[in-house]
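Remarks on the overall topology
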Amino acid sequence: MFSFLSRRIAYMFLTLLLVSLVSFLIIQAAPGDYAEIYAAQKAVTGAVISQADVQALRVELGLDQPWYVQYGRWLFKAVQGDFGLSWTWRRPVGEVIAERMPLTLAIAFSTLLFMYAVSIPVGIYSATHRYSFGDNVVTILGYLGLAIPNFLLALVLMYLSQRYLSQSVGGLFSPRFANAPWSVAKVIDMLQHLVVPVLVLGISGTAFLIRAMRAALLDELDKMYVLSAKASGLSPMQLLLRYPVRMALNPIASTLGWRLTYVISGAPIVGYVLALPDTGPLFLHALLNQDMHLAGAMIFIYCALTIIGTFLSDVLLVMLDPRIRLE
Amino acid sequence: MKLGGILLPTFFRGKRAEKIRRPDLASQWQLMWWKFRKHKLAMVGMVLLGIFVFMALFAEFISPYPPYDRNPAYVAGAPMGIRFFEEDGTFHMQPFVYGNKAQRDPITLRMKFATDTTQIWKLQLFSHGKPYRLLGIIPTDLHLFGTDKGFVHLFGTDFTGLDIFSRTVHATRASLGVAIIGVSVSFLLGAAIGGAAGYFGGALDSFIMRFIEFIRSIPTLPLWLALAAALPRDWGPLATYVAITIILSLLGWTWLARTVRSKLLATRKEDFVLSARLSGCSDFRIIHRHLLPSFISYLIVDVSIAFPEILLAETSLSFLGLGLREPVESWGVLLFAAQSIRAIDQAPWLMIPGIFVIVAVLAFNFVGDGLRDAADPYAR
Amino acid sequence: MEPAVENPVLSVKNLQIVLDNGGSYIQITDDVSFSIGRGEVLALVGESGSGKSVTALALMQLLAQNLKIAHGEILLRTQSGSSTDIAKLGTRGKAIESIRGARMGMIFQEPMSSFSPIHTIGAQIAEVVQVHESASRQVARTRASDLLAQVGIPDPVGALDRYPAEFSGGMRQRAMIARALICGPELLIADEPTTALDVTIQGQILELLRNLKKNLGMAILFITHDLGIVAQMADRVAVMYSGAIVESGPVREIFRNPTHPYTRALLEAVPRLGDLDRGRRIQPISGSMPNIYAVPSGCRFHPRCPVAQLPRCSDFAPPVFSKGEHLVACIHGEKAFGP
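Residues numbered from 1 in each chain as written. Chains lettered and ligands numbered in written order. Predicted model: local features only at pLDDT ≥ 70, side-chain atom pairs only at ≥ 80, totals over all residues.

Concerning the overall build of chain A
Stated precisely, the cut-off is as follows: Comment: elements are numbered from the N terminus, with helices defined as DSSP H or I runs of at least four residues and strands as E runs of at least two. Two residues form a contact once the distance between their C-beta atoms, set from the backbone, is within 7 Å.
The helix and strand tally for chain A stands at 16 helices and two strands. Based on the C-alpha atoms only, the size of chain A along its principal axes is roughly 85 × 55 × 35 Å. Across chain A, every contact between residues at least 6 apart in sequence was considered, and the portion connecting residues at least 24 apart equals 73%.

A word on the packing of helix α13 (residues 256-273) of chain A against helix α14 (residues 279-288) of chain A
All names here are of chain A. Our working rule: In this description, a line fitted to the C-alpha atoms serves as the axis of each element, helices being fitted only across the stretch in contact, and the angle between N-to-C directions of two axes falls anywhere from 0 to 180 degrees. Roughly parallel covers angles under 35 degrees, roughly antiparallel covers those over 145, roughly perpendicular covers 65 to 115, and oblique covers all other angles. Under this grouping Gly is polar, as are all residues other than the nonpolar Ala, Val, Leu, Ile, Met, Phe, Trp, Tyr, Cys and Pro and the charged Asp, Glu, Lys and Arg.
The N-to-C vectors of α13 and α14 enclose an angle of 95°; their axes lie 7 Å apart at closest approach. Put simply, α13 runs roughly perpendicular to α14. The residues of α14 that touch α13, namely those facing Ala267, Pro268, Ile269, Val270, Gly271 and Tyr272, are Thr279, Gly280, Pro281, Phe283 and Leu284. Its residues assigned to classes, the contact of α13 with α14 shows eight nonpolar, three polar and no charged.

Points about helix α6 (residues 169-181) of chain C
Residue and element names in this part refer to chain C. We apply this condition: For a helix, the expected span equals 1.5 Å multiplied by the number of residues minus one. With C-beta atoms placed from the backbone, the exposure class of a residue follows from how many other C-beta atoms lie within 10 Å of its own: 20 or more, buried; 12 or fewer, exposed; in between, partly exposed.
Given a rise of 1.5 Å per residue, 13 residues ought to cover 18 Å, and the 18 Å separating the end C-alpha atoms of α6 matches this to within 8%. With respect to burial, α6 is a largely interior element, twelve of its 13 residues being buried. Buried within α6 are the following residues: Gly170, Met171, Arg172, Gln173, Arg174, Ala175, Met176, Ile177, Ala178, Arg179, Ala180 and Leu181. Structurally, α6 contributes buried residues whose contacts are with β6 (104-107), α3 (121-133), α4 (137-150), β7 (187-191) and α7 (199-216).

A word on helix α7 (residues 220-230) of chain B
Among the eleven residues that make up α7(B), ten are buried, leaving the element largely enclosed by the rest of the structure. If you check which residues of α7(B) are buried, you get B:Leu221, B:Pro222, B:Leu223, B:Trp224, B:Leu225, B:Ala226, B:Leu227, B:Ala228, B:Ala229 and B:Ala230.

Brief notes about the interface of chain B and chain A
One frequent convention defines the size of an interface as the accessible area lost when the parts assemble. Each partner contributes residues to the interface: chain B has 32 residues there, and chain A has 38 residues. Among the secondary structure elements, those contributing two or more residues to the side of chain B that touches chain A are α6 (202-217), α7, α11 (283-320), α13 (341-346) and α14 (352-375) of chain B. Broken down by element, the side of chain B that touches chain A gets its largest block of residues, eight residues, from α7(B). Taken together, the residues of the side of chain B that touches chain A sort by class into 24 nonpolar, seven polar and one charged.

With respect to the sheet that holds strand β1 (residues 8-21) of chain C
Residues and elements named next belong to chain C. To keep things clear, this is the line we draw: Two strands make a pair as long as DSSP finds a minimum of two bridges between them.
Strand order in this open sheet of four strands is β2-β1-β4-β5, and the pairing throughout is antiparallel. Both outer strands of the open sheet, β2 (24-37) and β5 (83-85), are each paired with one neighbouring strand and no more. For this sheet, the mean inter-axis angle between neighbouring strands, taken without regard to orientation, is 5°. Both β1 and β2 contribute to a ladder of ten bridges, which runs antiparallel. Bridging from a neighbouring strand, Pro8 pairs with Gly37 of β2.

Here we look at the pairing of β7(C)
Looking down a regular strand, the side chains alternate between one sheet face and the other. Residues and elements named next belong to chain C. The buried fraction of β7 is high, at five of five residues. Both faces of β7 are covered, namely the face carrying Leu187, Ile189 and Asp191 and the face carrying Leu188 and Ala190. Pairing between β7 and strand β8 (residues 219-224): five bridges, direction parallel. Directly across from Leu187, in β8, lies its bridge partner Ala219.

What about the sheet that holds strand β3 (residues 41-45) of chain C?
Pairing between the strands of a sheet comes from backbone hydrogen bonds, and it takes one of two forms, parallel or antiparallel. All names here are of chain C. An order of β6-β7-β8-β3-β9-β10-β12-β11 is seen for the eight strands of this open sheet, with the pairing classed as mixed. Here the strands that pair on one side only, and so sit at the sheet edges, are β6 and β11 (320-323). Neighbour-to-neighbour, the strand axes of the sheet open up by a mean angle of 15°, direction not taken into account. Running over the sheet, α6 touches β6 and β7 and is turned about 165° from β6.

Quick word on the nonpolar core
Our working rule: By definition, a nonpolar core groups buried Ala, Val, Leu, Ile, Met, Phe, Trp, Tyr and Cys residues that connect through C-beta atoms lying within 7 Å of each other.
Judged by nonpolar contacts, the single largest core of 261 residues is most densely connected at A:Met298 and C:Leu221. What A:Met298 contacts, discounting residues up to four positions off in sequence, is A:Ile97, A:Thr279, A:Leu282, A:Phe283 and A:Ala286.

Details of the pairing of β8(C)
All names here are of chain C. Among the six residues that make up β8, six are buried, leaving the element largely enclosed by the rest of the structure. Burial along β8 is two-sided: the face carrying Ala219, Leu221 and Ile223 and the face carrying Ile220, Phe222 and Thr224 are both buried. Judged from the five bridges that link them, β3 and β8 form a sheet pairing that is parallel. Residue pairing for β8: Leu42 is matched across the bridge by Leu221.

A word on the packing of helix α5 (residues 93-128) of chain A against helix α9 (residues 184-221) of chain A
Residue and element names in this part refer to chain A. The condition is simple: For a crossing to be left-handed, the near helix must be turned anticlockwise from the far one by less than a right angle; the clockwise case is right-handed.
With their axes 6 Å apart at the nearest point, α5 and α9 run at an angle of 35° to one another. As for the relative orientation of α5 and α9, their crossing is right-handed in sense. Considered class by class, the residues forming the contact of α5 with α9 number 19 nonpolar, eight polar and one charged.

Let's talk about the environment of A:Pro281
Locating A:Pro281 in the fold gives a position in helix α14. Classification of A:Pro281 by C-beta neighbours within 10 Å gives partly exposed; the count is 18.

If you want it as structure tokens, here you go:
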């Protein structure tokens, strides 16, 4: 158990290091470095900047150093939360992200909660009522959920609520609460606004999990221990919840990390389309404007989130399954 | 007569043999086909995919207009319904659409289009329109349908007066093209890397497996977006197309690689491989006759799962303006126009290409599920 | 074929099980009849695929969904003589669930997979008592440790909190037996309980079963393909071939005087100590068991039978002959049993 944990933690840090390298390379991959962009911006305002000035700026920022030195510096600062300056926002990247990160986390967490809360009972129902009307409905909805790109679902929901409820679903607060101080009413308003992003972001993950739960449970129902428990007189219901469901939860729980990856993966687009004040629009605008310091930092943070999440889900799995614990 | 006498009994024998299935005598592929055919959704998926391929090949024929033919008389116009009955109930054998009148809105000064029920534009099958080359070779001006006078826009038009139906049909090409090329590159990468891991084993194997785990643990879409954003803006449409396809396939090969590797490792130790080796089969024969057939079905399943993934990724990228760009047209490129709530409020039919994306993904998933069920024909 | 048994605990009459092959039904067992007396051990013998395990599962209404009892009775009798027809109880509901594990226990071939790997042994055994006797957790655990002691598990109290993975195969089968017997059933169905075990462990488990039978007085339906086990364990034998019982009787009688050509072939195929000294060679049975999709007409054994008389054996079902408790379904029975 202890060796498993320490191995797993070491692996997590190694992955984080690799991810930081990838993020740094993406920052570097964009055409033009910070000094040039800075010069170009100054030029727009009418200031005259010579090539020598650019070079001086480069030396000042350390951009003349080999890439690994630059990477080392970047990483050293990044660990302390300093990701450099965003030139579109003219503010420190860390600050800009920190403002919007809590909302992204809230959406991601609610989405995960929603996915598991819906998919586990529905999956159990589907597996135990195989080929029934209800199961078929679930299957059809599942296929649709997997097939609809989430940005399209967001668009359709926005269109429908605009047209038929004459209410905008974009943003996180109704206009009257937008600048109001925090209150119970404001929290309720926010939760109402969370419904659409969570639904949009969670729908295909939920569909996937329902299928996974159904398949895992069907697998378990065929196992010998189910037959032997039945032979000792347990009713199907007692048996179902005590053994196969409990077993089927293991593979479902073990994919928690991937689900998180998936949610974080989809979050930027959904946030962008629904115009949420989270990191989604921030990230996409950074990419479209090639504000690579911001974009690279975002990628690093997105990746770090999923890596830490995957680690936590692995620990959870170990707690759920004595077989791993015993090794 | 003699011919009939010989043919008839065999014919009936064939019929009867199909009625009473003998799972104990059937070959692996036969069992798989039975199982696949039993999966009704998979058959539906096959038909849908057939239609999409047909659309991609004969886009010019199916669409009534070239994708860049602006219709100034119908800008941002709604889909025109095909009718058999006139408003007063008069029935026409030949389907028709009502004509249109353009008016300027006195307040907003925008052009508005109103249905003009006095005009009847009849639809014609195989009508003559703009000339083109069928499959790029045969010059013709025949289109699947058109009107005797006026115009027909089944899915309406966009803000520049382009026919959305024609554009959607043409976009099938790029959308499926990216998916097919992307999956092929993924397949080659996956087979090569997974094969190397499974064949050489040892340190290389564990390195590759760690690497795959690493790729899996990072959120791919932001990475795709970032890579796509890093592409130079001044690249031509074709270069972008190729680059985007490669970026999409770059992260999709991991499933295949894992399947290839694990199946290689698993089957290498199987008794039937050992017995083939003992009876003097060459390595090539073992791989070709024994190993490959035992897991090719799993590879097909993985490929069928990779398709919708790449299709959805391309659509998302293009929708955000980071993927393919005009003049290349894919469903995602068409959806780019539907990005703002103002646009879809005025012209909700701009979202119609999205339906094609959904149907295509559904079709791929149906087929994939059928294949997955059929892949292991000996399972219950 | 139904031998006379006085006040049997279980009697099966004309049991027919079918496989639902996508609309068409394929017969798996044909008119299987047998009875088990109180405290008696009946061995059901046959090759794999003969339908013996399916028959065992049917006795507890545990058949897989594509298998059905099409016809026949499964009468479970109490001491006083009142009987319940299990065949009519259906696969779920209170009626059958109160029989499973309480009046009939069952152990399986695979001790490795018969326990849930993520629950403790104690919880899985105690649960049976809790379900049937609505006993408290504490009482159930005490009963469970008592029974674990009785089946010979060292440190029975500590064993309650261990996981199946911490047990060896033999230990797990002992725990399985404890689970099947904890409510004191009148009948134990043992479906090849020793097949997956080492020979030494096998002997220990058989001895355990014999002792338990002596002490607890339950009847055992022992399903096996191993005639050596039959000789050690059984009072009576029923030989099954391709879904039908071809011969049955007291174990001594069957071993001394095997009448059905299949039984004879089975006995010939068993190696015995001293075979080599006497120059005897093991005689394998030629051919193989017909698969369920292509069962031969008439006597199912006729394509493999060395003494078949065609077309009599291929066209007509074999007649049944009896001598005392010894029954055989073969045309040669008449000659063997005399007029």
